[in-house]
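Each chain, written out:
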Amino acid sequence: MRTIPADIAERFEVGPLVSKRADLSTLDVDAKDVPELLARLRDRHGYRHLSFVTATDQIEEGVFVLTYMLHNHADNHSLGVKCRVGRENAVMESCHLLWEQMWTYQRELKELFGIDFPGSPRVDESFVLEGWIDIPPMRREFDTREYSERTFPTRPGRSTKDPATHMKEKLYPEAL
Amino acid sequence: MSDIKFTRALADPDHALKPAGRPGPLGKPLVLANDGLPEEEKAWFCDAYPTASGPYKGILENFLNWARSKSLWILGFGTGCGAIELRPLMTSRFDMYRFGIQPRPTPRQSSVFVIGGYASVKTLKRIVRSYEQMMGPKFVVALGSCTINGGMYWDSYNTINAIEHYIPVDVYIAGCMPRPEALLAGFKELQRKIRRGECEGAVKYAENFEWYKANQKKVIHDWNMPDYNY
């Protein structure tokens, strides 16, 4: 049974350590504490590997949940550090000084969710979308089907006829 | 240049080329606006409209079409997941070289453009650029459901639904994915069409240039290349 290390529990206001699997746990933390907590986990607790950073859009609660997934190679354990950022004008502190590859994830989050990371390198450049002019497409209020129908012309599909109605129209038009 | 005919209506007049690009008085050459380029780069690129060359008829053209059908050089540009089906074609089991089909590294050297499945908007920009750089007569084979009606990406925010709105297509190969056998059948059909003199995609592109260009500019918002990339 894993527990939160004492030095983290006394420095940060962290939620309970939720164990998802034997090798995977998550930890809720306040957004302003994330850079210090990540640095401490990396330097003192062996979570030296950044697996990924991702966001989930909790539109009902009006927040994005950011997950920083760290990995400890020494005891084969992954720890997801989760924090909540408001959806309106979402801004999060950049952590690219801890792991250099972090700025790529942050650039992706800026483009696909609209979460800004001030100071992160090249965060305002386009990542996978070029010349995107709508709201960020991974936000849940973005209707991808409506956007596709509005933007990309499609070919007309085949038309089919119900045999019963078709024959009735042909043979007994007065009955309809 | 004065023999260009604009036969089809513009899909969306708002995205049409600037009036400066329309035919002027007699004797005045047509000039593309090249609005996407910075001012200092405009002199580097061509600003002429494509000219329609052909379609030609006659015995000599029949012979040339036969020769073209026996020497299909594919542009080595895998534009989607379908490009993976081109690799087995090169191997001894399917052996596309027996039909005179072989990949070439640059658009200038190739005559067949294989659209390998879905095309995102980002890829479409490169497709347009490569297609325009190819020398005529040029042929387009679109493989996979995605090029026909969007396929499994029919409601994607970033994937176009019908490739024929952006470049002319000669042969479609349905399937997701089409097997190498289906690709060979498609190439054989392309050869038959070429021999019949029906593959005039480059002429169609030049004649309906404004329609294609308007469609392209409607989805490619950061147009930072010449209007015609020859």
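Each value, and the rule that gives it
- Residues numbered from 1 in each chain as written.
- Chains lettered and ligands numbered in written order.
- Predicted model: local features only at pLDDT ≥ 70, side-chain atom pairs only at ≥ 80, totals over all residues.
- Helix = DSSP H or I, 4+ residues; strand = E, 2+ residues; numbered from the N terminus.
- Buried ≥ 20, exposed ≤ 12 C-beta atoms within 10 Å, placed from the backbone.
- Contact = placed C-beta atoms within 7 Å.
- Domains from an automatic or database assignment.
- Pairing = 2+ DSSP bridges.
- Axes fitted to C-alpha atoms, helices over the stretch in contact; angles between N-to-C directions.
- pLDDT = per-residue confidence, 0-100.
- Right-handed = clockwise from strand over helix to strand, strands pointing away.
- Core = buried A, V, L, I, M, F, W, Y, C linked by C-beta atoms within 7 Å.
- Nonpolar A, V, L, I, M, F, W, Y, C, P; charged D, E, K, R; others polar.
- Parallel < 35°, antiparallel > 145°, perpendicular 65-115°, else oblique.
- Left-handed = near helix turned anticlockwise from the far one by under 90°.

What follows concerns the environment of B:Phe209. Residues and elements named next belong to chain B. Considering the arrangement of structural elements, one finds Phe209 in helix H7 (residues 209–219). On the basis of neighbour count, Phe209 is assigned to the buried category, with 23 C-beta atoms found within 10 Å. Each C-alpha atom of the pair Phe209 and Tyr49 lies 8.1 Å from the other, and the pair is 160 residues apart in sequence. When residues no more than four places from it in sequence are discounted, the contact partners of Phe209 are Tyr49 and Pro50.

Another aspect to go through is the domain arrangement of chain B. In terms of domains, chain B is made up of domain 1 (1–53 + 223–230) and domain 2 (59–199). Counting residues at the interface gives five residues for domain 1 of chain B, matched by four residues for domain 2 of chain B.

So, about the sheet that holds strand S1 (residues 14–21) of chain A. Residues and elements named next belong to chain A. As summarised here, the arrangement of the five strands in space is S1-S2-S5-S4-S3, forming an open sheet in which the pairing is mixed. Each of the sheet's edge strands pairs with one partner strand only, and the pair in question is S1 and strand S3 (49–58). Looking at each pair of strands side by side, their axes are set apart by 20 degrees on average, direction ignored. As judged from the five bridges shared by S1 and strand S2 (residues 24–29), these two strands associate in the antiparallel manner. By the bridge assignment for S2, Val14 is matched with Val29. Here helix H2 (residues 34–44) sits on the sheet in contact with S2, strand S4 (63–72) and strand S5 (77–86), set at roughly 170 degrees to S5.

Interpretation of the predicted coordinates at a detailed level should be avoided for regions scoring low in pLDDT. Residue and element names in this part refer to chain B. Predicted confidence across chain B gives a mean pLDDT of 85, with 87% of residues reaching 70 or more. Taken together, the stretch residues 1–22 has pLDDT below 50 and engages in 41 contacts with residues farther than four places along the chain or on a different chain. The low-confidence segment residues 24–28 (pLDDT under 50) makes zero contacts with residues lying over four places distant or belonging to another chain. We note a pTM of 0.83 for the whole complex and an ipTM of 0.79 for its interfaces.

What follows covers the pairing of strand S4 (residues 139–143) of chain B. All names here are of chain B. Here S4 lies mainly inside the structure; five of its five residues are buried. Covered by surrounding structure in S4 are Phe139, Val141 and Leu143 together with Val140 and Ala142, the residues of both alternating faces. Sheet topology places strand S3 (residues 112–116) next to S4; five bridges connect them, and they run parallel. Note that in S4 the partner of Val112 across the bridge is Phe139. One crossover worth recording links S3 to the parallel S4 by way of helix H3 (residues 121–133), and it is right-handed. Bridge count for S4 against strand S5 (residues 171–173) is three bridges, and the pairing is parallel. Bridging across to S5, Leu143 finds its partner in Ile173.

With that out of the way, let us pick up the nonpolar core. A general feature of soluble globular proteins is that nonpolar side chains tend to end up buried together. Counting residues in each nonpolar core, the largest one holds 51 residues, and the members touching the most others are B:Ile115, B:Val141 and B:Ile167. The two domains that each donate at least three residues to this core are domain 1 (1–53 + 223–230) and domain 2 (59–199) of chain B. If near-sequence neighbours (up to four positions away) are discounted, B:Ile167 is found in contact with B:Ile127, B:Val128, B:Tyr131, B:Val140, B:Tyr205 and B:Tyr212. Within the second largest apolar cluster, 26 residues are counted, among which are A:Leu70, A:Cys95, A:Tyr105 and A:Val123.

Right, let's get into the interface of chain A and chain B. Of the residues lining the interface, 14 residues belong to chain A; the matching set on chain B comes to 17 residues. Looking at side-chain class alone, the side of chain A that touches chain B contains six nonpolar, five polar and three charged residues.

Residues and elements named next belong to chain B. Close contact between helix H1 (residues 59–69) and helix H5 (residues 180–195) brings their axes to 8 Å; oriented N to C, the two are set at 165 degrees. Considering the angle they form, H1 stands roughly antiparallel to H5. As for the relative orientation of H1 and H5, their crossing is right-handed in sense. Of the residues in H5, those touching H1 at Asn65, Trp66, Arg68 and Ser69 are Gln191, Ile194 and Arg195. When the residues that make up the contact of H1 with H5 are grouped by side-chain class, the tally is two nonpolar, three polar and two charged.

In this section: the environment of B:Pro178. Residue and element names in this part refer to chain B. Take Pro178: it is sitting in the loop between S5 and H5. Residues Pro178 and Met134 lie 44 residues apart in sequence; the distance between their C-alpha atoms is 25 Å. In this structure Pro178 touches Glu85, Leu143, Gly144, Ile173 and Leu183, once residues within four positions along its chain are discounted.

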